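Here is how the chains run, residue by residue.
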Amino acid sequence: MELMGTNLAYATEALCKGQLVGIPTETVYGLAANALDARAVARIFEAKKRPAFDPLIVHVADMAEAQKYCSHLPDLAFRLAEKFSPGPLTYILPKNPLIPDLVSSGHPTVGIRIPYHPLTLALLRQLDFPLAAPSANPFGYVSPTTARHVLDQLGPSVAYVLDGGPCQVGLESTIIDLSGTEPRVLRLGGLSLELLEDAVGHQLAVQTSSSNPKAPGMLVKHYAPGVTLRWEDDLPAQVPVKTGLLRFSSPHPDFPANRQWILSPSGDLAEAASRLFAVLRDIDREQPDLVLVEHFPETGLGRAINDRLKRAVQSQ
Ligand code: TXA
Ligand code: MG
């Protein structure tokens, strides 16, 4: 049996046996296990070398399914789901006892997401359990946006990777916490803050700092390739010969063109977002001595791109 392909029956069988399967979503690839089986979920933590204080997102096919695992669903969850689900938005909701504590890391809440990908939605519909799935990368490294990335990094841990092609959005889902009195954003991601605030009807508090105990996965160290990254406007007095640049739409005139990674020549933030993680991997492979990164426009998906770059820069 090939380790990667579009065989839903094979993926289903593996998941039913408590094994791990890589799944495509519109954001990034996930490393999935039966969310109701704590032993299967434990394998995710083991494979990723992920600390157990970092809770997992539970993926379901629709809101009716989500309702089975929450003690309460506020009206706002239904309103947002009508607009944005399936899609790149995760809801933090009060959980019920069906969700093992390992999934929620002991929190009274659970992250619920309905991913927008035909293969994964078909898989979720034919399973009689939801899928716990973090991004399918080793802890502290950039998220995978192709099936090949998953196999390259976690191959020995997965029974199979469902290959749904390259991820269209390319950044992890936006996380909104609906478990408190006021909604707040815990992670900037594939759904822009503007669209979310427009749907909610007012400005949202954004609490994505690395010390926020509500989203412990948002650690500074995340998204770091094994190369030194610095902001372009924080240029050191002397740059090494092998310096590369990561830019939005146009090359920097003072550097050689062959060392510049341009995410979207047409200036499209969605395109830039979809390419960011694959380009960080390319940079990691090339191993320049230093990479200077540009600040992206702080609007739409540019905000989430800046968030990821900031974490990559700060972690060094
Ligand atoms: O786009 C995505 O969300 C991808 C795909 C696979 O769905 N998944 C993903 O999972 O990015 P992961 O584990 O890499 O990031 C999940 C984030 C972590 O920062 C975690 O702390 C937060 O969600 N999270 C999960 N459950 C939570 C909860 N109950 N309360 C607060 N934060 C939670
Ligand atoms: Mg992750």
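No experiment lies behind these values; they were computed from the predicted model shown.

### Observations concerning the sheet that holds strand E2 (residues 21–23)
Right, on to step 1. Across the sheet, which stays open at both edges, the 11 strands sit in the order E1-E8-E2-E3-E7-E4-E6-E5-E9-E10-E11 with mixed pairing between neighbours. Looking at strand neighbours, the two that pair on one side only are strand E1 (4–5) and strand E11 (205–206), the edges of this open sheet.
Right, on to step 2. Pairing geometry for strand E4 (residues 57–59) and strand E6 (residues 109–113), over 3 bridges, is parallel. Bridge assignment links Val 58 to a residue of E6, and that residue is Ile 112.
Right, on to step 3. Seen against the sheet, helix H1 (residues 8–16) touches E2, strand E3 (30–34), strand E7 (131–132) and strand E8 (160–162) and runs at an angle of roughly 130° to E8.

### Some words on the domain arrangement of the protein chain
Right, on to step 1. Domain annotation for the protein chain reports domain 1 (4–170) and domain 2 (229–314).
Right, on to step 2. Placing a centre on the C-alpha atoms of domain 1 and another on those of domain 2 gives a separation of 29 Å.
Right, on to step 3. For the pairing of domain 1 and domain 2, the buried interface totals around 790 Å² over both sides, and the portion due to carbon and sulfur atoms is 52%.
Right, on to step 4. Our count for the contact surface shared by domain 1 and domain 2 stands at 0 salt bridges.
Right, on to step 5. Here domain 1 and domain 2 share 6 residue pairs in polar contact (both at pLDDT 80 or more) between them.
Right, on to step 6. Each residue belonging to the side of domain 1 that touches domain 2 can be placed in one class, and the counts come to 6 nonpolar, 6 polar and no charged.

### What about the nonpolar core?
Right, on to step 1. By size, the foremost hydrophobic cluster in this structure holds 79 residues, and its most contacted members are Leu 80, Ile 176, Leu 196, Leu 246, Leu 276 and Ile 305.
Right, on to step 2. When residues of this core are assigned to their parent elements, the largest contribution, 8 residues, is made by helix H9 (residues 269–286).
Right, on to step 3. Composition of this core by domain shows at least three residues from each of domain 1 (4–170) and domain 2 (229–314).
Right, on to step 4. Excluding anything up to four places from it in sequence, Leu 246 contacts Trp 261, Leu 263, Leu 276, Val 279, Leu 280, Ile 283, Val 291, Leu 292, Val 293, Glu 294 and Leu 309.
Right, on to step 5. Of all hydrophobic cores here, the second largest spans 18 residues; its members include Leu 15, Val 21, Ala 133 and Ala 159.

### Considerations on the packing of H1 against helix H6 (residues 118–126)
Right, on to step 1. Two numbers describe how H1 lies on H6: the axes approach to 10 Å, and their chain directions differ by 50°. Taken together, the axis directions place H1 and H6 in an arrangement best described as oblique. When the axes of H1 and H6 are compared, the crossing they make is right-handed. Residues Leu 8, Ala 11, Thr 12 and Leu 15 of H1 touch H6, and the partners they reach there are Leu 119, Ala 122, Leu 123 and Gln 126.

### Points about the side chain of Arg 113
Right, on to step 1. Within the secondary structure, Arg 113 is located in strand E6.
Right, on to step 2. For Arg 113, the side chain forms a polar contact with the side chain of Thr 25, separated by 2.9 Å.
Right, on to step 3. For Arg 113, the contacting residues outside a window of four places in its chain are Thr 25, Glu 26, Thr 27, Ile 57, Val 58, His 59, Val 60, Gly 87, Pro 88, Leu 89, Thr 90 and Ser 173.

### Looking at the sheet that holds strand E14 (residues 260–262)
Right, on to step 1. The 4 strands are arranged E12-E15-E13-E14 in an open sheet whose pairing can be described as parallel. Edge positions in the sheet fall to strand E12 (229–231) and E14, since each of these pairs with one other strand and no more. Averaged over neighbouring strand pairs, the angle between their axes works out to 25° when direction is ignored.
Right, on to step 2. Note: strand E13 (residues 243–247) against E14, 3 bridges, orientation parallel. Looking across to E14, one finds that Leu 245 is bridged to Gln 260.
Right, on to step 3. Contacts from helix H10 (residues 301–314) reach E12, E13 and strand E15 (290–293) within the one sheet, and its direction differs from that of E12 by about 120°.

Thresholds applied
Residues numbered from 1 in each chain as written. Chains lettered and ligands numbered in written order. Predicted model: local features only at pLDDT ≥ 70, side-chain atom pairs only at ≥ 80, totals over all residues. Heavy atoms only, no water. Pairing = 2+ DSSP bridges. Helix = DSSP H or I, 4+ residues; strand = E, 2+ residues; numbered from the N terminus. Contact = heavy atoms within 4.5 Å. Axes fitted to C-alpha atoms, helices over the stretch in contact; angles between N-to-C directions. Domains from an automatic or database assignment. Buried area = accessible area lost by both parts, 1.4 Å probe. Salt bridge = Lys/Arg side-chain N within 4 Å of Asp/Glu carboxyl O. Polar contact = N/O pair within 3.5 Å; in protein donor to acceptor, adjacent residues only side chain to side chain. Nonpolar A, V, L, I, M, F, W, Y, C, P; charged D, E, K, R; others polar. Core = buried A, V, L, I, M, F, W, Y, C linked by side-chain atoms within 4.5 Å. Buried < 20%, exposed > 50% of the residue type's maximum accessible area, 1.4 Å probe, protein only. Parallel < 35°, antiparallel > 145°, perpendicular 65-115°, else oblique. Left-handed = near helix turned anticlockwise from the far one by under 90°.

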